[in-house]
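Results of the structural survey
Chain by chain, the residues run as shown.
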Amino acid sequence: MKHTSPIIHMTNKCNMACKYCYAGSALEKFQDIKKLNEDFNSKTPVLFKFTDQLISYNKFTPTNFFFHGGEPLLINLENWEHILNYFREKNYPIKANVQTNGTLVNDDFINLFKKFNVSVGSSLDGPAFLNDKNRVFKNGEGSFLTVLKNIRKLKKAGLHIGCLVTLNKTNIKNIEAIYTLFKKYDIAFNVRPISETRYSLNKEILISPSEYATAFCKLFDIWFNDTKTKTFLINDFANIIARFIKSIEGLATCTTIKNCSGRFVSFDLDGNLWHCARFNGEDGFSYGNIKKDNLTNLLNSVKAKKFSERWKILSRKSCRNCKFSPYCYGGCPARAYYYYGSYFHKDYYCEAFKIILKHIYEKIKSTL
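The model shown is predicted, which means the values in this text are computed figures rather than measured ones.

1. A word on the pattern of salt bridges
- Per the stated rule, a full pass over the model turns up 15 salt bridges.
- Taking the shortest distance from any N to any O, the salt bridge between Arg-192 and Asp-236 comes out at 2.5 Å. In this pair, Arg-192 is assigned in strand S6 (residues 188-193) and Asp-236 in helix H8 (residues 235-245), connecting sequence segments 44 residues apart.
- A residue is classified by how much of its surface remains accessible, and Arg-192, at 23% relative accessible area, is partly exposed.
- Residue Asp-236 is classed as buried on the basis of its relative accessible area of 11%.
- Between Glu-282 and Arg-198 there is a salt bridge, with the nearest N and O atoms lying 3.7 Å from each other. A residue pair is termed long-range when its members are at least 10 positions apart, and Glu-282 in the loop between strand S8 (272-274) and strand S9 (286-289) and Arg-198 in the loop between S6 and helix H7 (209-225) qualify at 84 residues.
- Residue Glu-282 is classed as buried on the basis of its relative accessible area of 15%.
- On the basis of relative accessible area, Arg-198 is assigned to the partly exposed category, the value being 37%.

The structure is reproduced here in structure tokens:
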């Protein structure tokens, strides 16, 4: 059965200016919040139309909705409650997940998220001396203290909260410090490598595949050998181990599944559908607009089917003889596109995946 999880693009605007932002929000001036929310409210009927069609497309089976930005918590409490109430009144089997920079979390949002069982993801690149080099406010001030305080409030309230660490040139030499921070506060986290985007990044913070592999393997070893904690978990590591035992695609991240275009779709409040949030606004990656066509037609369009052929093409060419390809399927097409100019190229971090997967496999094999 076809099943798609939507990434809802709430706004391009953000109150921060992270130096590796892929959405271009760091370049945007801070907009009047009242006008931003008035505009958003006027577009909610389009979101509801999309929701109705998507839940029908998924045949009313449980569906994850991922709310992204920009910064989605620039959308005020009233608008958030309006959306979540709509889901509940329709009795839709939706699990809401919000990815926020964590700076705007307050008691009202916490109460709302508890009421509607919303899972929260945030970002933190390690202790202040690491995080505050790149994850900064518009005025250049670091975000660490604000974000950590709010993550701890979310945890105390009993909400499901996880963090994302972006490995980049400024923090890959301090893996122990990153691990120690998250272990100290018992915060689950995953790591991702910094990547090129449609916006020009400072080359000094980009990393090579070998640098990524070294840092990832070091972090894995610290986690794997840590016998003093029972509750602390890096989900990606556990998932990789589980997939070696039994290959279950659902355990993989979106960057390492066979057909990410068939599993996810990005939607903005103007009604546009994109293959992925990384491609929002990028010519050639739009499926169309639900104001002009229905969702089923768009998800089964010639363009959508073309994207779904990526693994078939890679499996016959550059990934043909790779024994690790069933665990990464050529990696992220967005990274392939922004590094090599082709959606159908393998991931820039391909060589890193080989090193990482071999390292983890040998580690668990020697332990069993």
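2. Quick notes on the packing of helix H1 (residues 33-57) against helix H2 (residues 77-89)
- The contact between H1 and H2 brings their axes to 10 Å, and the two run at 15 degrees. For the element pair H1 / H2, the angle class is roughly parallel. The element H1 and its partner H2 pack so that their crossing is right-handed. Mapping the contact onto sequence places Asn-37, Phe-40, Asn-41, Thr-44, Leu-47, Phe-48, Thr-51 and Asp-52 in H1 and Asn-79, His-82, Ile-83, Tyr-86 and Phe-87 in H2.
- Classifying every residue of the contact of H1 with H2 gives six nonpolar, six polar and one charged.

3. Describing the sheet that holds S9
- In space, the nine strands of this open sheet follow the order S6-S5-S4-S3-S2-S1-S7-S8-S9, with mixed pairing throughout. This sheet does not close on itself; its edge strands, each paired only once, are S6 and S9. Sheet twist, expressed as the mean angle between neighbouring strand axes with direction ignored, is 25 degrees.
- When strand S1 (residues 5-9) meets strand S7 (residues 264-268), the two strands line up parallel, connected through five bridges. The residue of S7 that forms the bridge with Ser-5 is Phe-264.
- H2 rests against strand S2 (63-68) and strand S3 (94-99) of the sheet, and its axis sits at about 170 degrees to S2.

What counts, and where the lines are drawn
Counting restarts for each chain, with residues numbered from 1 along the sequence as it is written. With the structure being a predicted model, the display of local features is reserved for residues of pLDDT at least 70 and the display and counting of side-chain atom pairs for 80 or more, all residues being used for whole-chain, interface and lining totals. Neither water nor hydrogens contribute to the side-chain values; these are computed over all heavy atoms in the structure. Each reported salt bridge corresponds to a side-chain nitrogen of Lys or Arg within 4 Å of a carboxyl oxygen of Asp or Glu. Numbering of helices and strands runs from the N terminus, with a helix taken as a DSSP run of H or I at least four residues long and a strand as a DSSP run of E at least two residues long. Think of it in three bands: residues with accessible area under 20% of the maximum for their type are buried, residues over 50% are exposed, and the middle band is partly exposed, with areas taken using a 1.4 Å probe on protein chains only. In this analysis an axis means a line fitted to C-alpha atoms, helices contributing only their contacting stretch, and an angle means the value between N-to-C directions, from 0 to 180 degrees. To sort the angles, those under 35 degrees are grouped as roughly parallel, those over 145 as roughly antiparallel, those from 65 to 115 as roughly perpendicular, and the leftovers as oblique. The sense of a crossing depends on the near helix, which, turned anticlockwise from the far helix by less than a right angle, makes the crossing left-handed and, turned clockwise, makes it right-handed. Residues count as neighbours in contact if any of their non-hydrogen atoms are within 4.5 Å of one another. Under the grouping applied here, Gly and all other residues not named as nonpolar or charged are polar, the nonpolar ones being Ala, Val, Leu, Ile, Met, Phe, Trp, Tyr, Cys and Pro and the charged ones Asp, Glu, Lys and Arg. A pair of strands is labelled paired if DSSP reports no fewer than 2 bridges between them.

Keep in mind these numbers describe shape, not what the thing actually does.
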